[in-house]
Amino acid sequence: MVRVNLQRLRKTFGAVEAVKGLDLTIDNGEFIVFVGPSGCGKTTALRMVAGLEDATSGQIWIDGKVVNDLGPRERDIAMVFQNYALYPHMTVYENLAFCLQMRKCSKDDIRRRIDEVAKILNIAELLSRKPSELSGGQRQRVAVGRAIVRQPKLFLFDEPLSNLDAKLRAHMRAELKRLHYRLGATAIYVTHDQVEAMTLGDRVVVMKDGVLQQVGAPLEIYARPANVFVAGFIGSPSMNLLACRTFGSDGAIVLEGKGFRFRIPDRAFPARRQGGGRDVLVGIRPESLALSVDGAAPLAGLSGTAEVIEPLGAEVLVTLNVGGEDVIMRAPANTNIALKDVVPIAVNPSEFHFFDSETGQRLES
Amino acid sequence: MTTRRSLGEGIAIGGFLLLSIAFALLPLLWALSTALKPASVAESYPPAWWPSPFTFSNFVDVLFGSNLARYLMNSALTATLSIALTLFVAVHAGYAAARFQFAGRKQLLFLILCTSMIPGIAILVPVYLLVTSLGLHNTFVAMVMVYAAWQAPTATWIMRGFFQTIPRELEESAYMDGCSRLMAFYRIVLPLTQPGLAAVGILTFVYVWNDFLIAYALTITDDMRLVQSGLYLYVTAFGIEWSKLMAAAILAVIPPMLTFVLLQSRFIQGLTKGAIK
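Being a predicted model, the structure only gives us computed values, none of them experimental. (Residues numbered from 1 in each chain as written. Chains lettered and ligands numbered in written order. Predicted model: local features only at pLDDT ≥ 70, side-chain atom pairs only at ≥ 80, totals over all residues. Heavy atoms only, no water.)

Below, the discussion takes up the domain arrangement of chain B. Residue and element names in this part refer to chain B. Per the domain assignment, the segments making up chain B are domain 1 (7-55) and domain 2 (66-273). Counting residues at the interface gives 10 residues for domain 1 and 8 residues for domain 2. Contact with domain 2 buries area across many residues of domain 1, yet Leu28, Ala35 and Glu43 alone supply 53% of it, more than any other trio. The interface formed by domain 1 and domain 2 holds 0 salt bridges in total. Put simply, domain 1 and domain 2 have 1 residue pair in polar contact (both at pLDDT 80 or more) between them. Elements with a minimum of two residues in the side of domain 1 that touches domain 2: helix H1 (7-35) and helix H2 (39-42). (Domains from an automatic or database assignment. Contact = heavy atoms within 4.5 Å. Buried area = accessible area lost by both parts, 1.4 Å probe. Salt bridge = Lys/Arg side-chain N within 4 Å of Asp/Glu carboxyl O. Polar contact = N/O pair within 3.5 Å; in protein donor to acceptor, adjacent residues only side chain to side chain. Helix = DSSP H or I, 4+ residues; strand = E, 2+ residues; numbered from the N terminus.)

Turning next to helix H4 (residues 136-148) of chain A. Since the α-helix advances by 3.6 residues per turn, residues separated by three or four positions end up pointing in the same direction. The first and last C-alpha atoms of H4 of chain A sit 19 Å apart over 13 residues, in line with the 18 Å expected at 1.5 Å per residue. Where burial is concerned, most of H4 of chain A is hidden: 10 out of the 13 residues are buried. Buried within H4 of chain A are the following residues: Gly137, Gln140, Arg141, Val142, Ala143, Val144, Gly145, Arg146, Ala147 and Ile148 of chain A. Looking at the buried side of H4 of chain A, the elements it contacts are strand S6 (77-80), helix H2 (92-102), helix H3 (107-121), strand S7 (154-158) and helix H5 (166-183) of chain A together with helix H8 (168-176) of chain B. (Expected span 1.5 Å × (residues − 1). Buried < 20%, exposed > 50% of the residue type's maximum accessible area, 1.4 Å probe, protein only.)

Turning to the domain arrangement of chain A, a few remarks are in order. Residues and elements named next belong to chain A. In terms of domains, chain A is made up of domain 1 (4-233) and domain 2 (240-356). A straight line from the C-alpha centre of domain 1 to that of domain 2 covers 39 Å. In this complex, domain 1 contributes 8 residues to the contact, which on the side of domain 2 involves 6 residues. In total, about 610 Å² of surface goes out of reach between domain 1 and domain 2, with carbon and sulfur atoms giving 60% of it. Contact with domain 2 buries surface across domain 1, with Tyr222, Val228 and Ala231 losing the most and accounting together for 73% of the total. Mapped by element, the contributors of at least two residues to the side of domain 1 that touches domain 2 are helix H7 (218-223) and helix H8 (228-233). In terms of residue count, the dominant contributor to the side of domain 1 that touches domain 2 is H7 (3 residues). Tallied by class, the residues present in the side of domain 1 that touches domain 2 amount to 7 nonpolar, 1 polar and no charged. (Nonpolar A, V, L, I, M, F, W, Y, C, P; charged D, E, K, R; others polar.)

Laid out in structure tokens, this is it:
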């Protein structure tokens, strides 16, 4: 287990700056997840930690040492690749043994460690097979086995579940989590899937355009997104964002947007001291919205027309048209809404998130 | 999607294929027939298709009564060494062309390909002068170097195509496992290009085995002679010994034929690799 420290880490490819001054400390035994859309720099950052890409500037500290000038093999890091990268001409046993042979481990030691890993990952019966004879899930298991058999200082995962179907992905996600509980090793995991990020990470690093947007525990990020991008990226369905203008009046704030106008107590508005008269984005999670017909108090002035109804079994997602904007609401499975119904919406203003419409940053009190 | 052919189409295609096979095999069958005839019958007119009387004496004579066995050994040795040198150059150059980015890479690759388009006879005299001035005339070293130089450009292109199909992640995985770049190349990448190695090996073998021009120009003594120039000895000032020449030719055809039959599947895989995704 090690502590990893990234200091002002930058990477450019020609004129393109893929990672722009990343600062981050990863603690001993922490499972940290880099999440963001394609091209956000998360994989580049991971590859710099692995030693597969040279950092343009900045420092990478692993276990108290700067490793910028060390090659991958000198960093004692294991990596699980997106396409598994199992050696096709070797059996599973040989794949697992290869890294140990490179480290001049004895045959007995290799055998013992492979048996141990095979038991943990339930791949003992696959040891004599070639990778082409394995299913996607089995290959993924072997790829993880190849990483853990070495007992490295640090684990890196580069979207290891993205080639699996949805069911297998959920299963392997749980397996990885279980494995992390068992090994307690420091790990960096890269994904574009926010469900993976939320479920696996002790902390989540959200990136966009090479810039770290927010880092924190999954629920913290979900509850208090630092900006509009994080608010929209974390959570499925995404947070609803409504552009509006605020006005102060008699201890209340009036929010006026396209097709709606309603009052909220001024204590619910974090920038109340700066008064009204500013443009903001109001973020509302789909689960924060309720039908006022379900017994919740309606929010005067906020209603929408049901345009899409998506029953998911345990719940229903209803897309409402509010002043020309789509607003998604998570409703109970037994909700009785029909298409084109005009639905009055109830919401607790304390569950609103406010963002500056110019900077996109969260407004704090 | 499959298409059903009518009986007529099937017969036409089958007939065309049979004709093609006959066209290709006819010279070989005629050579075999001549090799199995005594000299007097072979040279009689009108020629007889079927050897009568039937004799193996020509094969026995050329194998044990002449230096043909030696020529065959020389050709085998030269071909093997040429394959080794060609592969050594081609796998490293092909890998560099596939993986490294450097200024003028495309132009260099094109230039390499251009060299293989020059007809051999055009540079025979310069090659002869160069080899002679280096004191390498009538040596295996000279022949191996010339053959390898001749085959390396095509081989480099073939190998480059193979290296391009191998995912970079495999090499990166090897680095993470503790390999240097060279170790990753030899232990992970190279074993995965076996069909390419087989294709290059066969192409080089067939080229060296069948070459007459270079072998004839660069050798002078009988102990250095390769099989194709050895066959030419049956063409004498007093006439051509057709039965023996054909027997020697048949024997000379067997090694490349066997090599091809044994490695056929890998060869085809090697040539078509990368053609489709």
